[in-house]
Amino acid sequence: MPRTTTTSTRTTSTRRTLATGAALAAAISLTVGAPHAGAAPTASTATAGSTATAATAVPMNYAVNVAGANRGQTLKAERAVTAAGGTVVQSWAEIGVVVAQSADPAFAERLRADKAVESVGATRTAAVTSTDPTWGVSDPLRPGEPGRRDARTLAERADRSQDVETATTAVPDPREGEQWDLRAIGADAAHQVTDGSRDVLVAVLDSGIEGDHPDLAPNVDAAASASCLSGVPDSSYAAWQPTTSDHGTHVAGTIAAARNGVGIVGVAPGVRMSAVKVVNDDGFIFAEAAICGFMHAAATGADITNNSYYIDPWQFWCDDDADQRAVKTAVQRAVEHTRAKGIANVAAAGNSNVDLANKTVDTSSPNDSTPVSRPIGNDCLDIPAEIDGVVTVASTDASGARSSFSNYGDGVIDVAAPGRSILSTTLRGGYGLKSGTSMASPHAAGVLALMKSAHPELSGAQLVERLEQQATDVPCPATAQQCTGTAERNGFFGEGLVDAAAAVR
């Protein structure tokens, strides 16, 4: 899964959505970078983590946090954006966040002086390019206004994560017997009680879901699906289809591949899924897309979101940098909005074999320009995985051990789930094996979907509490000195291995 950050870092396992080359690498990697001032870089972009001033200014995107989450204050902030030389891409008055674009290097500094604005942060360190869905947004889409952006396709990219999250072609025939992961978490026993309810909707924030895959089509809710690449929901079918990555399709199969006599079976094969595309064709998940994804999930009635990625370009987002702090705040507001709507959010812990409870350095961020090495502390967060209330999922293998690539951390990891050599759906109606915490997270999301099906009265917070209470305790290995904590909760497995059978009781 993607993401990295520190003073300007980010990664959640190898980077991105653990879905495409760059995005997938994010899910497994962790990066670090130096702080930046927030001014837009120019054509001759400078240091990673810092903004440059040069002859020719280039477009940059910004998260603008309003000093008051209401429509009136948000309108004031929108006017301030325009006055400061920017364009409003999207406004979320419910959370007091405006996404803006400007090519003016002084835009952020000028906007920070406005009383309607609490904070402003550039969402990336490299300029927005002409191939970016957010390029030149002079006539932005509004929510619910579909079909005006064409999906772009690029050649299939090689997965930089090598062994982790790389698909291995498999013969597309009934293969439930090969799904060791379902047996490991008791999903086979849970299915004797229920396959899940059609009333339950899981929003898959990822690289899109192949809508006509024979194992997924019965459970993909096209009406609730959208692309959020521009920061504005686009519900046209082509917009949310996969282009350069099968990551989201693989994740979706683990959650809810249908029980239809074809291929495999998901953890919750009877529930619905929405495809919420947040990974662009280069594999990046920028904040504007992730914020849009959470907001769209809430607007379409999702019960659970799965987030197998980290937000680029920082593996870890740090408060001592104005840009990173503002972007982190905007994402936190979006996540809190979903929680207020009763949604349970699940995220991959990341594939960098990093102790998230004892961060010291980030060397991989920013990943959209030139990574730099920077010291970081535990106040620098991998987002969304380390946002309060989000279920952070580590990966295990078929033996029950922690996967060697999985991030860990006492007090950070909430639960564990199978994430190595997971058989699931891939593009063009195929099936394949992938490894990564991106593969572990959807198992937890599927268990929550079964739990919500069996206990529809439970809120998102109650679902999360119950998920952790019911998890099977897994003690630290005797030889693993880096694993700290108790048998009931520790840095490798959190509260333990998720239990699907217990979830439906």
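Residues numbered from 1 in each chain as written. Predicted model: local features only at pLDDT ≥ 70, side-chain atom pairs only at ≥ 80, totals over all residues. Heavy atoms only, no water.

Summary statistics for the chain give a mean pLDDT of 85 and a share of 81% for residues scoring 70 or more. Contacts from residues 138–163, a stretch scored under 50 in pLDDT, to residues over four places away or in other chains number 71 contacts. (pLDDT = per-residue confidence, 0-100. Contact = heavy atoms within 4.5 Å.)

Read across the sheet, four strands follow the order S6-S7-S5-S8 without closing on themselves; strand pairing throughout is antiparallel. The outermost strands of the open sheet, each flanked by one partner alone, are strand S6 (87–92) and strand S8 (117–122). Averaged over all adjacent pairs, the angle separating strand axes in this sheet is 20°, with direction ignored. Sheet strands touched by helix H7 (residues 287–299): strand S5 (60–66), S6 and strand S7 (97–102). Its angle to S6, the strand with the most contacts, is close to 35°. Across the sheet, helix H8 (residues 322–340) touches S5, S7 and S8, and the angle it forms with S8 is around 110°. (Pairing = 2+ DSSP bridges. Helix = DSSP H or I, 4+ residues; strand = E, 2+ residues; numbered from the N terminus. Axes fitted to C-alpha atoms, helices over the stretch in contact; angles between N-to-C directions.)

With that out of the way, let us pick up the packing of H7 against H8. Contact geometry of H7 with H8 gives a least axis separation of 8 Å together with a crossing angle of 10°. Considered as vectors, H7 and H8 are oriented roughly parallel to each other. Regarding H7 and H8, the two cross each other, and that crossing is left-handed. For the pair formed by H7 and H8, the contact residues are Ala287, Ile291, Phe294, Met295 and Ala298 on the first element and Val327, Ala330, Val331, Ala334, Val335, His337 and Thr338 on the second. Along the lines of polarity and charge, the residues of the contact of H7 with H8 split into 10 nonpolar, two polar and no charged. (Parallel < 35°, antiparallel > 145°, perpendicular 65-115°, else oblique. Left-handed = near helix turned anticlockwise from the far one by under 90°. Nonpolar A, V, L, I, M, F, W, Y, C, P; charged D, E, K, R; others polar.)

What follows concerns the pairing of strand S18 (residues 391–396). A regular strand places its side chains on the two faces of the sheet in alternate fashion. For S18, a buried count of six out of six residues is recorded, marking the element as mostly surrounded by other parts of the structure. Burial of S18 is two-sided: the residues Val391, Val393 and Ser395 facing one way and the residues Thr392, Ala394 and Thr396 facing the other way are all buried. In terms of strand pairing, S18 meets strand S19 (residues 415–418) through four bridges, oriented parallel. When the sheet's bridge partners are listed, Thr396 is paired in S19 with Pro418. (Buried < 20%, exposed > 50% of the residue type's maximum accessible area, 1.4 Å probe, protein only.)

Take the side chain of Thr243 next. Examined against the element boundaries, Thr243 turns out to sit in the loop between strand S11 (226–227) and helix H6 (247–256). Thr243 gets classed as buried once you look at its relative accessible area, which sits at 12%.

Moving on, we come to the environment of Glu178. The residue Glu178 is located in the loop between strand S9 (169–170) and helix H4 (180–184) in this model. Note on Glu178: relative accessible area 44%, which makes it partly exposed. Taking the C-alpha atoms as reference points, Glu178 and Ile264, separated by 86 residues in sequence, lie 8.7 Å from one another.

This part is about the state of the cysteines. One pass over the structure, following the stated rule, counts three disulfides. Note on cysteine connectivity: Cys228 is disulfide-linked to Cys292, with sulfurs 2.1 Å apart. Between Cys228 and Cys292 the sulfur-sulfur dihedral comes to about -65°; the bridge is accordingly left-handed. Linking Cys228 in the loop between S11 and H6 with Cys292 in helix H7, this pair joins segments that are 64 residues apart in sequence. Residue classification places Cys228 among the buried positions, given a relative accessible area of 0%. Among the cysteines of the chain that take part in disulfides, numbered as they appear in the sequence, the pairing is 1-2, 3-4, 5-6. (Disulfide = S-S within 2.5 Å.)

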